[in-house]
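# Structural characterization, general
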Amino acid sequence: MSVVRDSVRIDDFRFASGDRLPLTVAYEAHGDPADPTVLVCHALTGSAHVTTGDGDPDWWDLPAAPDGQAGAWWDDVVGPGRAIDTDRYHVVCANVPGSCYGTTGPASPDPDTGEPYGPDFPPVTVGDWVESQRRLLDTLGVDRLRAVVGGSVGGMNAVEWARRYPDRVERVVPVATGARMDAQALALTALGRRAIVTDPAYGDGRYYGDSDPDEGLAQARALAHVTYRSRDGMDRRLGRDPAAGPVGPFGDDPAADDAPALAVESYLQDRAAAFVERFDANAYLSLTRAMERYDLGAEHDSASPRSEAREDAADVAAALSDFDGEALVVSVESDQLFTPAQGRRLAEAFDRAGAAVAHERLAGDRGHDAFLVETDAVGAAVGPFLDDGIGGADGADGVDRGAPVHASLLSG
Ligand code: COA
């Protein structure tokens, strides 16, 4: 099977903000370019490295692969014979602008100064991600997409394709996402950003070459990680157990007196410590802001957030009105970051816009991370839809395959 790991350069990329920069876009392409193309969009801190493609398990949070990418993050879903079958589809995944895995972002050198852009990197939007992917696909000679698939903010990325290029996309699969973040999710993301910018090492954001703001980034990630897990799932796995070992690399809590550290603390610090090894703080700020700003129902995906805290179903449907393909919205029952209710509203917007749509809910207590770790369930939902669309499902207006982890929403 053909595997390409490469990058394209766009000499004069225009961001939604109006800024123009030379942009390098790192991507992976698996399979035969003559087959129908499926674009896979990564989540907030993912990379173009969607799969090893050869069956070797690799993993999201393992130390960076030799090419500097995060580990293959959907290895069980994408590959030969897997749900997104690279023997039958040409699968493309690109790292988004603002990230730090090969595509130009804040840690990349500004050609004018030779120094990293840092906080001077333009504000990025989900629309910018789509435009960078469109330019990449144009370069690869791909005009039509069988499907765009993505999880979390990658799901917003997928939906934005249906909005911007309805004639190029046949099917869209947003997983564990919504039309916009709700206020609680925005609040927690904002607190994470505060943790970064108040880390003394962050300074004016030009920390490159000095100490990175690891502690701020770690606390931002730990806070976010709580939202990636469900309340029940964390309680089941960690409960009130004491920590088995040291709590992490960021020092003891001076106010803890003789109270034993808890497993949940050491778990979060373990995950956060692994994260800071692989991610840049300015890139994290850049990408979280893009996610925060995204609002499908807003007239434009601009750098200005909408002032009214509402999710207007008519606006969201209007944004999708030109899309007459098919959509499968996949939600996770225990997701507290993008709830099943948000998924349902997104599915209803597709329906209202005249698209054929199904909404599938994945059961279990793995929370938002289910889209990464419940790969059998995700694959069972996505694979048949890619192959046969809504018609591949048993239900007329919903999906009902009888598997215990799936439940139709629109049909129920
Ligand atoms: N104290 C310290 N470390 C602990 C621990 C504890 N009490 N309990 C578990 N761990 C460590 C384990 O040792 C293991 O470490 P290792 O990977 O270095 O071997 C790790 O935690 C296992 O993580 P866990 O979350 O339990 O595994 P999982 O299979 O459920 O999920 C990931 C794996 C990678 C998906 C998850 O850990 C993660 O990082 N999630 C965030 C991914 C993400 O970005 N999601 C959102 C996208 S928008």
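Keep in mind that what you see is a predicted model, and the values were worked out from it rather than measured.

Time to look at the site of the ligand. The full set close to the ligand counts 22 residues, and Arg-221, Arg-237, Ser-266, Tyr-267 and Asp-369 are the nearest of them. Note that a nitrogen atom of the ligand is positioned 3.2 Å from one of the backbone N or O atoms of Ala-263. Between the ligand and Ser-266 there is a distance of 2.7 Å, counted from a nitrogen atom to a side-chain nitrogen or oxygen. Taking 970 Å² as the accessible area of the ligand by itself, protein coverage stands at 71%. For the shell around the ligand, the secondary-structure elements that each account for two or more residues are α4 (214–228), α6 (263–276) and α10 (370–373). In terms of residue count, α6 provides more of the shell around the ligand than any other element does, five residues in total. Residue composition of the shell around the ligand, grouped by class: nine nonpolar, five polar and eight charged.

For the structure shown, the criterion picks out zero disulfides. Considering cysteine sulfurs only, Cys-93 is the nearest to Cys-41, which forms no disulfide, with 7.3 Å between them.

What follows concerns the nonpolar core. Counting 82 residues, the largest nonpolar core has Trp-161, Tyr-284, Leu-296 and Phe-350 as the members making the most contacts within it. If you tally residues by element for this core, the top one is helix α7 (residues 281–293), at seven residues. Excluding residues that lie within four positions of it along the chain, Trp-161 makes contacts with Leu-39, Val-130, Gln-133, Arg-134, Leu-137, Leu-145, Val-148, Pro-166 and Val-169. Trp-74, Ala-83, Leu-386 and Ile-390 belong to the second-largest nonpolar core, a separate cluster that totals 33 residues.

Criteria and thresholds
- Residues numbered from 1 in each chain as written.
- Predicted model: local features only at pLDDT ≥ 70, side-chain atom pairs only at ≥ 80, totals over all residues.
- Heavy atoms only, no water.
- Near = heavy atom within 4 Å.
- Polar contact = N/O pair within 3.5 Å; in protein donor to acceptor, adjacent residues only side chain to side chain.
- Areas by Shrake-Rupley, 256 points an atom, 1.4 Å probe, with all protein chains shown as cover.
- Helix = DSSP H or I, 4+ residues; strand = E, 2+ residues; numbered from the N terminus.
- Nonpolar A, V, L, I, M, F, W, Y, C, P; charged D, E, K, R; others polar.
- Disulfide = S-S within 2.5 Å.
- Core = buried A, V, L, I, M, F, W, Y, C linked by side-chain atoms within 4.5 Å.
- Buried < 20%, exposed > 50% of the residue type's maximum accessible area, 1.4 Å probe, protein only.
- Contact = heavy atoms within 4.5 Å.

Keep in mind that these numbers describe shape and distance, not what the molecule does.
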